[in-house]
Amino acid sequence: MLVRDVMKSPVLTVGPEATLEEAYKLLPARGIRHLPVVEGGRLVGIVTDRDIVLRCVAAEDDPAQTPVRDIMSRAPATLSPSQDVHAAALAMAAHQVRRLPVVENSK
């Protein structure tokens, strides 16, 4: 089975200039806990609900004034939709992550 067979579509993304408050409001609406950060059609990072809590709220920063760019994880590990799901599981274990964005032709 390939990654394309199990990935969700359409993908909800956020721009790096969006505020953390804007990003956070998107999460429960879709029942998700992470957002790929996209600029110019290219993946530049990923932000999770945990990132927002630990890197912004716990630091007593204002989520309404803090851009996603300030706390996102940059250059996340990615998968190709043509990869086998077993390879995806191995990559997730190797990078110690529970989410990997799927990227094709750098988009």
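Report on the accompanying structure. (Residues numbered from 1 in each chain as written. Predicted model: local features only at pLDDT ≥ 70, side-chain atom pairs only at ≥ 80, totals over all residues. Heavy atoms only, no water.)

1. Structural notes on the overall build of the chain
- In terms of helices and strands, the chain carries three helices and three strands.
- Ordered by position in the sequence, the α and β elements of the chain form the string α-β-β-α-β-α.
- Its C-alpha atoms give the chain a radius of gyration of 14 Å, within 12% of the compact-globule value 13 Å for 107 residues.
- For the chain, the spread of C-alpha atoms along the principal axes amounts to about 45 × 25 × 25 Å.
- Looking at the chain alone, contacts between residues at least 24 apart form 56% of all its contacts between residues at least 6 apart.
- Total accessible area on the chain stands at roughly 6,800 Å², and carbon and sulfur atoms take up 52% of it.
- Counting 13 positive and 13 negative side-chain charges, the chain places the centres of these two groups 6 Å from one another. (Helix = DSSP H or I, 4+ residues; strand = E, 2+ residues; numbered from the N terminus. Rg over C-alpha atoms; globule rule 2.2 N^0.38 Å. Contact = heavy atoms within 4.5 Å. Areas by Shrake-Rupley, 256 points an atom, 1.4 Å probe, with all protein chains shown as cover. Lys, Arg positive; Asp, Glu negative; His and termini not counted. Charge placed at Lys NZ, Arg CZ, Asp CG, Glu CD.)

2. Looking at the environment of Cys56
- With respect to the secondary-structure elements, Cys56 resides in helix α2 (residues 49-57).
- Linking Cys56 and Thr66, residues 10 residues apart in sequence, is a C-alpha distance of 7.8 Å.
- If sequence neighbours within four positions are ignored, Cys56 has contacts with Leu20, Asp51, Asp61, Asp62, Pro63 and Thr66.

3. Observations regarding the nonpolar core
- If you look at the biggest cluster of nonpolar residues, it comprises 14 residues, and the most contacted ones within it are Val14, Leu20, Leu35, Val37, Val47 and Val68.
- For this core, the secondary structure elements donating two or more residues are α1 (20-30), β1 (34-39) and α2.
- It is α1 that contributes the most residues to this core, three residues altogether.
- Not counting chain neighbours up to four residues away, the residues in contact with Val14 comprise Ala23, Leu35, Pro36, Val37, Val38, Val47 and Val68. (Core = buried A, V, L, I, M, F, W, Y, C linked by side-chain atoms within 4.5 Å. Buried < 20%, exposed > 50% of the residue type's maximum accessible area, 1.4 Å probe, protein only.)

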